[in-house]
Amino acid sequence: MTHDKTEKITLRERSIPLREPNVVIKGDKGNSLLSSPVNFEEKLEYQVMQSIPKEAQVTVVRCESANIAIYTKNPSFALTELTLHLSALSKSMKKRFIIRTDPSIRLSEDDARNAISKILPKEILITVLFCDEATGEVVLEVNNPEGITAEIFLQIAKETGWIAHTRRSPHIPSNSIKNIHSILKNSSKERIAFYQSLGKRIFRPPLLSNSLLYNDDTNCEANLTPTNKVSNSRYLSRKSVDDGAIYQYSNLKEVTIYCLGGVKQVGRSCFIVVTPESKIMLDCGINPGENMNYNAYPRLDWFNFNLEELDAVVISHAHIDHQGFLPAIFKYGYKGPIYCTEPTLPLMTLLQMDSVKIAQSNGSYLPYEIRDVNEVIKHCIPLPYGKPTDISPDVTITLNNAGHIMGSATVHINISGAHNILYTGDYKYAKTQLLDGALANYPRVETIITESTYGASSDIMPDQSVVYNTFTNSINHTLMSGGKVLIPVPAVGRAQEIMLVLDKEMREGRLVESPIFIEGMISEASAIHMSYAHYLGYEVRKSVSEGTNPFLSSYFTVINGIGKREEVFNDDSPSIIMATSGMLEGGPSVEYFKQISPNPKNKIIFVSYQINGTLGRRVLDGTISEASMIDKNGKVKVIPVRCSKQKIDGFSGHSDFNQILNFVSKVRPKRVLVNHGEKSKSENIASVIYSRMKIRSSVPDNREIIKLR
């Protein structure tokens, strides 16, 4: 909210209460069912200004994104004593506050860099400094984030006018993070307007009262224009006077889930939760094993709504089958927020940009372009683990560690305190080399939507020591026979896990010493892992804080460029090759496959799930003896499949059969919906949960509507 410069008095000095012009809908007994103050934000500012000391020098209070932003000219006071006042205010008003600095006190980026360099201890080196004008925050990429104390953060705010946040400097600069900074910098004015518009939408007064939600007698007459009146008592439409958006709700008492993809299959995960006040999309993926658009993308065509009606999209993690269609919805009209964890933004940006690159290089169809990926970046609101966040008037989400890949999250959805949904995304309910296991401590969950990738009763992962021993022996057998080992890996998650294992096994003498060649997005993804190392497992975090980079090893050789790849091809000596993608669907792993596959001495080891229809799945199942592929000259070439192949279970970032059951047992919901698994595995999990735990369980179909209450 902006103030007229001619106004002589502050809000604190006003002696008359603010007037609240209302739009009212009356029920059949004359009771007020809906009240929407036009000047909600002005009233909010008045309440806040009356409750905080003048020393805070607050200039503006306004709704911004999921918070109430308080702008101050005195950050040293605001970040210390004012926080106590805001804590009490937050409890009384049930709103979340965030402190921002007034733009008038912020130094230029160059001046801020010079000032911060003088403030930081000499041993702390800045590799990246990014001032975000939309938030008043300065991101510092430094070699030792732990060395910056609370006193230093306060001094930075006081002397520069910027509130500092830190990330760890990776071993190589991250192009994805650099690109994100560039997009954010160039869109700062656009994002300021977006955050304010979003804040008004989130904190708008409820469109419906509890009496309308929970009473059967909902026959009401709207005191609106004739075009807005409705004849059916179970439907209501109105135009919000606050932000101009159209909200339309049906069957007002219900919370429903629309299944648009990812059930009885692995791929294109997408659900929409519809509440009396909101429409929230959970994940928006593609199916990499499908060539037909009808089966590859979420069935948004079936759910008859405008994308502008969505209040939010929540992304559980960065893998393509959960977020690969996200840029496309911006292309076709979505303009709202994306919520995900902090590392998920650069990781999914990396994968989306790579999808565009692959589509351009091989002429395949992709329903979006780079400009659509940039829109995702502009509209993304990264959240830390464990922070409850309002994303609409009746929905609060909390993201927690899912243990699947770095930044992967389970999504806890609280709907007006009346119903709680836990959407697991992909999760690992066990500790791995890279990550801690998924959090399962939830005080209340009515409905859980759980994955079932390994849902067969026989899908039991072996002990970690057995997995490593099997993996090492398999590689040793091929290397000692003079062959090469190709390990196709997803760039995010499994690649970093395998890097840790290979380095440790070779360092400790169990794995035959040989070159380990790494190509694809692995290095870039590993750099992002270092920048957000505080999201990794305890042991890895501890190692990083002690100055060790787990993704660097004297055994690793990074391949950059086709010329270096040719050197690997021409070298007949045994070696290990890690390349993306993990399912042999595009990327350098396909080029290595062409060279590795014809020789029986070579081996392909699969360490991640292979989705039905992918080349990796067909090779693993042995259903093909040859593959038709495009060579470097653009001609079709038949590649014999004569190499040996093996799937090593135990490296997966998914929970096995027992882990799924243990997780559900720990959460103890009232209802279970099973998704993200082949039909037989999903049905098996649902059946076992019901028979053992007596919890209502089912496996929905794509294009099914499920009423939760």
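Residues numbered from 1 in each chain as written. Predicted model: local features only at pLDDT ≥ 70, side-chain atom pairs only at ≥ 80, totals over all residues. Heavy atoms only, no water.

Under the definition given, this model contains 14 aromatic pairs. Seen in terms of ring centroids, Tyr427 and Phe663 are 4.4 Å apart; in terms of plane orientation they differ by 40 degrees. Their pairing is tilted. Of this pair, Tyr427 sits in the loop between strand 21 (419-423) and strand 22 (447-451) while Phe663 sits in helix 21 (residues 657-667); the two residues are 236 residues apart in sequence, bridging distant segments of the chain. In this structure Tyr427 comes out as buried when scored by relative accessible area, which is 0%. Look at Tyr454 and Tyr609: their rings are 5.9 Å apart centre to centre, the planes differ by 90 degrees, and that puts the pair in the edge-to-face class. (Phe/Tyr/Trp six-rings, centres within 6.5 Å; stacked < 30°, edge-to-face > 60°. Helix = DSSP H or I, 4+ residues; strand = E, 2+ residues; numbered from the N terminus. Buried < 20%, exposed > 50% of the residue type's maximum accessible area, 1.4 Å probe, protein only.)

If you look at the biggest cluster of nonpolar residues, it comprises 90 residues, and the most contacted ones within it are Ile329, Met348, Phe471, Ile475, Ile487 and Met578. Contact partners of Phe471, with chain neighbours within four places excluded, come to Ile487, Ile498, Val501, Leu502, Ile605, Val607, Ile648 and Phe651. By size, the runner-up hydrophobic cluster in this structure holds 54 residues, among which are Leu44, Ala312, Ile397 and Leu708. (Core = buried A, V, L, I, M, F, W, Y, C linked by side-chain atoms within 4.5 Å. Contact = heavy atoms within 4.5 Å.)

Moving on, we come to the sheet that holds strand 4 (residues 67-72). Taken in spatial order, the 3 strands line up as 3-4-5 in an open sheet, and their pairing is mixed. In this open sheet, the two strands that pair with only one neighbour each are strand 3 (58-64) and strand 5 (97-101). In this sheet, neighbouring strand axes are inclined to one another by 25 degrees on average, regardless of whether the strands run parallel or antiparallel. Examined bridge by bridge, strand 4 and strand 5 share 5 bridges and lie parallel to one another. Bridging from a neighbouring strand, Tyr71 pairs with Arg100 of strand 5. Of the strands in this sheet, strand 3, strand 4 and strand 5 are in contact with helix 1 (residues 40-51), which crosses strand 3 at around 135 degrees. (Pairing = 2+ DSSP bridges. Axes fitted to C-alpha atoms, helices over the stretch in contact; angles between N-to-C directions.)

Okay, the side chain of Thr101 next. Here Thr101 lies in strand 5. The residues contacting Thr101, other than those within four sequence positions of it, are Tyr71, Thr72, Pro75, Arg106, Gly136, Gly161 and Ile163.

Across the sheet, 7 strands lie side by side as 17-16-15-14-13-12-33; this open sheet has mixed pairing. Unpaired on one side and paired on the other, strand 17 (380-383) and strand 33 (704-707) mark the two borders of the sheet. Averaged over all pairs of adjacent strands, the angle between strand axes in this sheet comes to 25 degrees, irrespective of strand direction. Across 4 bridges, strand 12 (residues 256-261) lies against strand 33 in antiparallel orientation. Among the inter-strand pairings, Cys259 is bridged to a residue of strand 33, identified as Glu704. Each of strand 16 (338-341) and strand 17 is contacted by helix 13 (residues 370-379), which is oriented at about 50 degrees to strand 17, the strand it contacts most.

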